[in-house]
Each structure stands twice: as structure tokens, then as C-alpha cells.
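Residues per chain are reported as follows:
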Amino acid sequence: MAEITLTRFDEVRDAYRQKGLKQALYDAAGVIMADTVLTLWGDEHRRRRRLENRLFRRDTFEHYERDLLPVAVDEVLDPAAASGRGDVVPLARRIVVNLTAAAAGVDRSEGTPAETDRLYSYAVKFSEGATAVHSTRDPAELRAEVVEALERWDEDFFGPSLARRTGLFERFATGEVAEDDLPRDVLTVLVRNQDSLDLPRDVIRREVAFYMLAGMHSTGAATTHAVHGAFGWFDHHPDDRKRMLDDPVFLQHCVHESMRLHPASPVARREAVEPATLRDGTEMKVGDTVVMDLWSANRDTEVFGADADRFNPLRDIRDDVPRWGHTFGGGRHACIGMELDGGVPADETTGAPILLGTVALILRGLLARGAQPDPDDPPQQDPNITRVWWGRYPVVFR
Ligand code: HEM
């Protein structure tokens, strides 16, 4: 079976859109990813995605940006700023963990910081399982840890959240509970459609765990990369620190630029389940795989200019190319949380204002509190992963 690697922006975009190519990046991560929306294909994927899409609309994004995120940012960053220092990696993840749990449908019964930390450590373990393909750890050992974390998370969070929703639906069926009183989250959608989608409990459990890790892991990493990109830019453009706080479009361009340079996964992989012809004419037979090198495609000098591998939020980009390149994927599996995290530009025709998105809001929260790199404690790469992935990013607040 042939394996083809694509490195150009337009080639990758074309491959994402090919109907006969099926997800093939998560074969080593079945313990957490099997039968989740990201690994489904064809009609099964379409049905699941259509239902879940209903949750990810502009009114939801506005609700997050206006009501939930500012509170979540203050709750985590105020104590860190008061203490004078912090580490962006856990700070960013703690901000997003409760938000992601709310979107996924994982209830928190205690509402304490200790409970958030517990949820956070489960999601960290799920993320490790999902990125098994890039892990430097022993696969059997990692798998056993993820299985164990899933069981404990089930007892602690998932089981009670599922039971609450099942009970609500029983009362909904008898008219005791109104439609408006049902939670608006992924678990509720799945419980409601369990029979029509033929979803066993373990699949629902993995789907909700996947949402937890997809939302938290990528957002946390993107935030740390955005902070790093911004600090690097300020070294040569010190006046832009103020501009980043005052100019939402510039702030958002900075975030998108760092997203382009650091896609959450450096590659996507697809397998041909039908014969396919790629943009350059290459014929793929059933069973052939294509590796989409997002890292390189996002640095394609024909699309992003001669300085494509440098952080430059002021670059000009053609209209049909998102500033974040392929970082949120494309085609059928394009990220469902793209606007939640990357924001939405203002719309002149409808008058809808810009939505900054989670990453820009956290970056702004850090900068507004005077965050700067800690001169005595430089950032460090995570030793357990071969991607560029910050393990620690200490900052001081001045
Ligand atoms: C900066 C943050 C994020 C990045 C860079 C990111 C990136 C991606 C990418 C590249 C894919 C497609 C993978 C592929 O085609 O192989 C994807 C899919 C997905 N993402 Fe995200 N993501 C982010 C945040 C989120 C958030 C906040 C959520 C949910 C709350 C989310 C939920 C999902 C889901 C459910 C899918 C699967 C969609 C499908 O298969 O139909 N992501 N994401």
C-alpha cells in the first residue's frame, strides 16, 4: 500500500475535501477515540455531526464570550496575578476545563477548585491517549493508564452526568420537564438520540471524553503558543503590546498567526476507502494512505509569502485562505469548535460584531494583567511528546 505525503497548502485543502478518504490518524488511540465523531466515516459521520453541529452556533459562541469566559478568565487569572507569577500551561487549561465540561455535558457537583483539578487531570490523561501516535511513552503502559482514568472519570463525573440526563428525559417524556429545561450539551444530544443513532454506553462515554480533551487540550496548547508568539513579537515591536489590548482585529490576527505556525496536530492522515485522484493527478488505490503535512502546508511560501515560517500578524493573505491555514482541519471533519476558539470576524452586512474567541480572550486577560516571560525560569518543551508542545511556560505579572 502506498503512502503519499502532501506538503503544499492547496494540495492539502483538496485532499481534505475528497469524499473517498477516511480518517486514519487515530488508529493507535482506539481506547479513547474509537467510534467518536472524528473517526466516523460516511453516513454515520454525517448523522452524528449534524446533531452536534446544532450546539455550535453563533448564539452559543456569544453566550460563551459574553457570560461564561470573562468569569472563567477572572477566576483563574486574578489569583495568579495577585501572587505575581504563574505558569500559562495549567492556567490556560484550568480556564477552559470547566467551559469544555459544560459544552460536553459533564456536571460538576461540588464546584470547587479541587474538583476542577480532578477533571483537568482526567482530561490530560485522555489527551495523552488521543495523541498516542506522537507519544514517546511505552504504548501498553499508556493504554493501561488511559483505561484506568476512564473508569475513575466514569465513577466520578460521567456516570452521574449520564444518570441525570436519562432521568430528565424520563420526566420530559411524561411532560414533567419542558424542552427549555433540558441542558444544551453534547451528552444531552447523544442521550436524546441514543436509539436512532444506535449508541452503546461506551461509545457515548468516549464521545464525551473526546469532547473534553479536544476542547481542552488544543485550546490550552494554542493559548500557550499565542502567548509565546506575542512575547516574541513584542521583543521587536514593544509598542504593539498596547495595540494588542486596544485593537481586537490585531489581537485576533496575532492569535491566528500563532495557530498557523503551530497546528494542534502537525499532520492529518487519511486512508482511501474508494479510489481517489489527488490534485496533482496522483491516483490512490483503496488502502493507500495520504499524510497531510499541516506544519509544512501552513508554511507554504506561495500562499503565505517568503517569510512564511516567521510570526508576522501583519502579513497579507489571499481572501480564500484562513489566517490560521489548515490548523482547524477542513472538509467533513473540520473542527466543530473552530469559531469558539478562533472567534468570528465582524460582519459588515449584518452588523454582527467581532467575536474574539477563547484563545484571544485568555491572551488579552494575561496581557491586561501585565504578564511577561519569567526571566529566571524559561519555558520548557514537554519531554513526553515529539511535537512542539510547551510543558511549562512560567510568567511574572508586573
Ligand atoms: C485551538 C483549538 C483547536 C484546534 C487547533 C482544533 C483542531 C482540530 C482539527 C485539526 C480537527 C480535524 C482533525 C482531522 O480532520 O483529522 C478538529 C476536529 C474536531 N474538533 Fe477541534 N480543535 C480545537 C478546539 C476544539 C474545541 C474547543 C472543540 C469543542 C468544544 C473541538 C472539537 C472538535 C471536534 C468534535 C472535532 C471532530 C469533528 C468531526 O470529526 O466532524 N475542537 N479539531
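Along each chain, numbering runs from 1 in the same order as the chain's sequence is written. Side-chain atom pairs in this predicted model are given and counted only at pLDDT of 80 or more, local residue features only at pLDDT of at least 70, and totals for whole chains, interfaces and linings cover all residues. The basis for every side-chain value is the complete set of non-hydrogen atoms in the structure, without hydrogens or water.

Draft legend 1. Broad picture of the pattern of salt bridges. Salt bridge, as used here: a side-chain nitrogen of Lys or Arg that lies within 4 Å of a carboxyl oxygen of Asp or Glu. One pass over the structure, following the stated rule, counts 41 salt bridges. Among the salt bridges present, the one from D117 reaches R94, with a minimum N-O distance of 2.7 Å. With D117 in helix α6 (residues 113-130) and R94 in helix α5 (residues 88-104), the pair connects residues that are 23 residues apart, well separated along the chain. Each residue is placed in one exposure class: buried if its accessible area under a 1.4 Å probe, protein chains only, is under 20% of its type's maximum, exposed if it is over 50%, and partly exposed if it falls in between. Under the relative-accessibility criterion, D117 is labelled partly exposed at 32%. The closest approach of N and O atoms between R171 and E176, which form a salt bridge, is 3.7 Å. Residue R171 is classed as partly exposed on the basis of its relative accessible area of 41%. Overall, E176 belongs to the exposed group, its relative accessible area being 56%. The way it works is that DSSP assigns letters per residue, a run of H or I at least four long becomes a helix, a run of E at least two long becomes a strand, and they are numbered from the N terminus.

Draft legend 2. Broad picture of the sheet that holds strand β3 (residues 85-87). We call two strands paired when DSSP finds no fewer than two bridges between them. Reading across from one edge, β3-β11-β8 is the order of the 3 strands in this open sheet, with antiparallel pairing throughout. Two strands close off the open sheet at either side, each with one partner strand: β3 and β8 (371-373). In this sheet, adjacent strand axes meet at a mean angle of 35 degrees when their direction is disregarded. Looking at chain direction, β3 and strand β11 (residues 394-397) are connected through 3 bridges and run antiparallel. Bridge pairing in β11 links D87 to P394. The convention used is that axes are lines fitted to C-alpha atoms, helices contributing only their stretch in contact, and that angles between N-to-C directions extend from 0 to 180 degrees.

Draft legend 3. Summary view of the sheet that holds strand β7 (residues 289-293). Taken in spatial order, the 4 strands make up an open sheet running β1-β7-β4-β2, and their pairing is mixed. The open sheet has two edge strands with one neighbour each: β1 (3-6) and β2 (21-23). The average undirected angle you get between the axes of adjacent strands in this sheet is 30 degrees. Both β2 and strand β4 (residues 267-272) contribute to a ladder of 3 bridges, which runs antiparallel. Counterpart to K22 in the pairing with β4 is E271.

Draft legend 4. Spatial organisation of unusual backbone geometry. Residue D35 is not a glycine yet carries a positive backbone phi of 65 degrees. Secondary-structure assignment places D35 in the loop between α2 (30-33) and α3 (42-53). In this structure, D198 takes a positive phi of about 55 degrees despite not being glycine. For D198, a relative accessible area of 64% corresponds to the exposed category.

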